[in-house]
Each structure stands twice: as C-alpha cells, then as structure tokens.
Amino acid sequence: MKREKKPKLIEIGVITKLLRILEALHSSSGPPGLTLKQISQGAGVNKSTAYRVLTHLAREGYLVRTEAGVYRVGPKLERFGASRTAEAQVETGREPFPPGEARS
C-alpha cells in the first residue's frame with residue numbers, strides 16, 4: 001500500500017516577518033498606527049528588518065508613514081479590506097458586522 005507524501009511546508013522568512021508586521025499593525029489598540037519601535041517589538045523582528053519592510057510597503061501604497069513617524073494602513077490595504085467586506089455581504093446576504101459591533 002502506497003503512502004501519500006505530504007508536501008513539506010517551507011517557511012519563507014521574509015514573508016513570515018511581513019505577516020507578523022501586518023498583524024502587529026492590525027492588533028494595535030488605541031489611536032491608529034504604530035511607530036517603528038512598537039511594530040518591531042509587537043512583531044518580534046529586528047528594527048532594521050521592520051524598517052526595510054515598512055519602507056517598502058509604504059512606497060507601494062500599502063502603508064502610510066505620517067510626519068510623526070507613525071505607520072498606518074494605506075490605500076491599497078484599505079481597498080483589500082473593503083473588497084473583502086463587500087464579498088462577505090454578497091456571500092452571506094447580510095452585513096459583515098453585527099449591529100453595534102465596532103469596525104476596525
């Protein structure tokens with residue numbers, strides 16, 4: 001009897017770090033956005049790595065860096081979220097958030 005081989009999952013470091021950075025931005029409480037130091041600590045990545053990833057994301061329009069040095073979700077990520085919200089409405093036929101639930 002042949003056993004099916006399971007594909008090996010390969011962790012790609014830079015993608016893992018990118019996702020951790022986005023998760024840190026998403027999970028922040030308080031005013032929108034975080035500083036480089038806050039993102040680095042929240043994501044568990046070196047500041048230099050976080051800086052390179054954040055700079056690239058900002059250049060591409062996925063994040064915005066304010067004059068105060070705070071990184072926030074940019075127009076491209078907002079569009080992704082908006083399109084997914086619209087898809088959820090179509091799929092379920094109802095609003096994606098229960099009445100009174102805060103939208104983030």
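Use the structure listed above.
Let me begin by describing the structure that accompanies this report. Owing to the predicted nature of the structure, the values given are computational and were not obtained by experimental measurement.

**Quick look at the nonpolar core**
In this structure, I21, L25, I39 and L54 are the most contacted members of the largest nonpolar core, which totals 13 residues. Of all the elements in the fold, those that place two or more residues in this core are helix 1 (13-26), helix 2 (36-43) and helix 3 (47-59). Top contributing element to this core by residue count: helix 3, with 4 residues. In contact with L25, not counting residues within four places along its chain, are L34, I39, L63 and Y71.

**Details of the environment of V53**
Along the chain, V53 falls in helix 3. Overall, the relative accessible area of 12% leaves V53 in the buried class. The sequence separation of V53 and L18 amounts to 35 residues, and the corresponding C-alpha distance is 6.7 Å. Not counting chain neighbours up to four residues away, the residues in contact with V53 comprise L18 and I21.

**Some details on helix 2**
The set of residues buried in helix 2 consists of I39, S40 and A43. Down the axis of helix 2, the sector holding all buried residues measures 100°, keeping them to one side. Across from the buried face of helix 2, at angles greater than 90 degrees, the exposed residues are Q41 and G42. Contacts made by the buried residues of helix 2 are with helix 1, strand 1 (34-35), helix 3 and strand 3 (70-73). Where helix 2 terminates, the next one or two residues include G44, which has phi positive at roughly 70°.

**Digging into the sheet that holds strand 3**
Reading across from one edge, 1-3-2 is the order of the 3 strands in this open sheet, with antiparallel pairing throughout. Each of the sheet's edge strands pairs with one partner strand only, and the pair in question is strand 1 and strand 2 (63-65). Sheet topology places strand 1 next to strand 3; 2 bridges connect them, and they run antiparallel. When the bridges of strand 3 are listed, L34 appears paired with Y71.

Definitions and cut-offs
Sequence order as written defines the numbering, with residues in each chain counted from 1. Confidence filtering applies because this is a predicted model: local features only for residues at pLDDT of at least 70, side-chain atom pairs given and counted only at 80 or more, and all residues used for totals across whole chains, interfaces and linings. Working from all heavy atoms in the structure, the side-chain values ignore hydrogens and water. Within this scheme, the nonpolar core is defined by two criteria: the residues are buried Ala, Val, Leu, Ile, Met, Phe, Trp, Tyr or Cys, and they are joined through side-chain atoms within 4.5 Å. Only protein chains enter the accessibility calculation, which uses a 1.4 Å probe. A residue is then buried if its area is under 20% of the maximum for its type, exposed if over 50%, and partly exposed in between. Secondary structure elements follow DSSP: runs of H or I no shorter than four residues count as helices, runs of E no shorter than two count as strands, and numbering proceeds from the N terminus. Contacts are residue-level and defined by heavy atoms, with any inter-residue pair within 4.5 Å sufficient. The arc in question is the one traced by the directions running from the helix axis out to the C-beta atoms. Two strands make a pair as long as DSSP finds a minimum of two bridges between them.

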